[in-house]
Amino acid sequence: MTVLEIHRLQPWEEARGPLQELQEQDGCLVARIGPAVVALPDELREKLQGLMGKTVGILRTDFDYRLMVLED
């Protein structure tokens, strides 16, 4: 993954789009979701690994991250 800028979601911000790539970088999980490259907590790794190519939405709340699969 060529990364120009990794975005950290702010509370109540969402990344939505096709999950294209996952990798670890500098000790955190980095995902390419649609046009965005976002840093995510490692506890999402297992859930996301089986969703490559699917459209997902990841919402950061005040307390955690919520994952939605938008297509089967």
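Note that the structure is a prediction, hence the values are computed from the model and not measured.

Asks: Sorry, what's going on with the sheet that holds strand E6 (residues 65-69) here?
Replies: Adjacent strands of a sheet form backbone hydrogen bonds with each other and so pair up, either parallel or antiparallel. The six strands are arranged E1-E4-E3-E2-E5-E6 in an open sheet whose pairing can be described as mixed. A single partner strand is all that each edge strand has here, and the edge strands are strand E1 (7-8) and E6. Note that strand E5 (residues 55-60) and E6 share five bridges and pair antiparallel. Paired with Leu-59 across the bridge in E6 is Arg-66.

Asks: Teacher, can you tell me more about the side chain of Thr-61 here?
Replies: Here Thr-61 lies in the loop between E5 and E6. Looking at Thr-61, the relative accessible area reads 6%, which means it is buried. There is a polar contact of 3.1 Å between the side chain of Thr-61 and the backbone nitrogen of Phe-63. When neighbours within four sequence positions are excluded, Thr-61 is seen to be in contact with Pro-11, Trp-12 and Arg-66.

Criteria and thresholds
Residues numbered from 1 in each chain as written. Predicted model: local features only at pLDDT ≥ 70, side-chain atom pairs only at ≥ 80, totals over all residues. Heavy atoms only, no water. Pairing = 2+ DSSP bridges. Helix = DSSP H or I, 4+ residues; strand = E, 2+ residues; numbered from the N terminus. Buried < 20%, exposed > 50% of the residue type's maximum accessible area, 1.4 Å probe, protein only. Polar contact = N/O pair within 3.5 Å; in protein donor to acceptor, adjacent residues only side chain to side chain. Contact = heavy atoms within 4.5 Å.

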